[in-house]
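Structural overview
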Amino acid sequence: VLRKPSRQFLALILVYGPMSIAGLLTGRLFFGSGSLAAGQTLLGTLPTDVSSPLLVLMARGNIALAAVFNAVNTALSPFIVPFLFLWLTGIKLEVPLGSIILELVLIVLIPTIIGVSLRTGFPTFFGRHDSAYAGLGSIIYLLILLAVVGPNAETIIGYGWYAFVIAGAALLLNLIGYLVGMASRLITIDRKEVITYIFTVSKKEFSIAAAFVAASGLPSEIAIPAAFFAVIQMITSPIAAKILARD
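Structure report, in brief. Note that the coordinates shown come from a computational prediction; the quantities given were computed from them, not determined experimentally.

**What to know about unusual backbone geometry**
Positive phi outside glycine occurs at Arg 60, with the angle close to 65 degrees. Relative to the assigned elements, Arg 60 resides in the loop between helix H4 (52-58) and helix H5 (63-89).

The structure is reproduced here in structure tokens:
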């Protein structure tokens, strides 16, 4: 990344640029206006999901690059997301800087430092268990997913058939993310790098949405599209990773 800063710059542009616009447009298409439309827009402005490097690993992409993209994109999110959301919706977000920084430190920074340190210091020992890491990572990701979706379960069930509309909006935004990620072919033909961009762009850190909404005193319904997206991306991402790993 230091040798080719354009790689990180492109990741930032794709994650926060076209995906934010896609969130706005899909929100208007499916919901018109209101809290769900605002929530879909907020979803589009969110940074890369913490599970992105895991999916890149499963798809045989550039894991190191994915880890850097994830760390940088997420670290900048408290400063970028409120600006984009205000610009697109006119709604001001309060930044719970302390809680978001703590969350990012716990789920991104510390695991990255520990992982890199252990693999660098004891490569032979930890290399023996490479086949187990993807499964372990998936279990931990499931726990994060349950922590976010669980409190919204009653609301989600209460939507009835309309839940399929919300899920459809999440699915469309997720598929757009895959297509936008493939735009990286404009600057790189390295297959592993392209795979990294695909999952960096298509996956959204859904847990941050709830933090922004709660801190801003906004209707809790604005966080619902992110909860649906969490489930949708967990379904589509392993399928995409399996297809990419097989090619």
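**Some words on the side chain of Thr 26**
Turning to its location among the elements, Thr 26 is positioned in helix H2 (residues 18-31). With near-sequence residues (within four places) excluded, Thr 26 lies in contact with Gln 40, Leu 172, Leu 173 and Ile 176.

**Observations concerning helix H10 (residues 162-181)**
Compared with an ideal rise of 1.5 Å per residue, which puts 20 residues at 28 Å, H10 spans 29 Å between its outermost C-alpha atoms and is within 8% of the ideal. Regarding H10, the residues found buried are Ala 163, Ile 166, Ala 167, Ala 169, Ala 170, Leu 173, Asn 174, Gly 177, Tyr 178, Val 180 and Gly 181.

**Some details on the packing of helix H1 (residues 5-16) against H2**
Running from amino to carboxyl end, H1 crosses H2 at an angle of 5 degrees, the nearest separation of the two axes being 3 Å. On the basis of their axis angle, the class for H1 and H2 is roughly parallel. Contacts from Ile 13, Leu 14, Val 15 and Tyr 16 of H1 reach H2 at Pro 18, Met 19 and Ser 20. Of the residues assigned to the contact of H1 with H2, the class counts are six nonpolar, one polar and no charged.

Here is what the cut-offs are and how they apply
- Residues numbered from 1 in each chain as written.
- Predicted model: local features only at pLDDT ≥ 70, side-chain atom pairs only at ≥ 80, totals over all residues.
- Heavy atoms only, no water.
- Helix = DSSP H or I, 4+ residues; strand = E, 2+ residues; numbered from the N terminus.
- Contact = heavy atoms within 4.5 Å.
- Expected span 1.5 Å × (residues − 1).
- Buried < 20%, exposed > 50% of the residue type's maximum accessible area, 1.4 Å probe, protein only.
- Axes fitted to C-alpha atoms, helices over the stretch in contact; angles between N-to-C directions.
- Parallel < 35°, antiparallel > 145°, perpendicular 65-115°, else oblique.
- Nonpolar A, V, L, I, M, F, W, Y, C, P; charged D, E, K, R; others polar.

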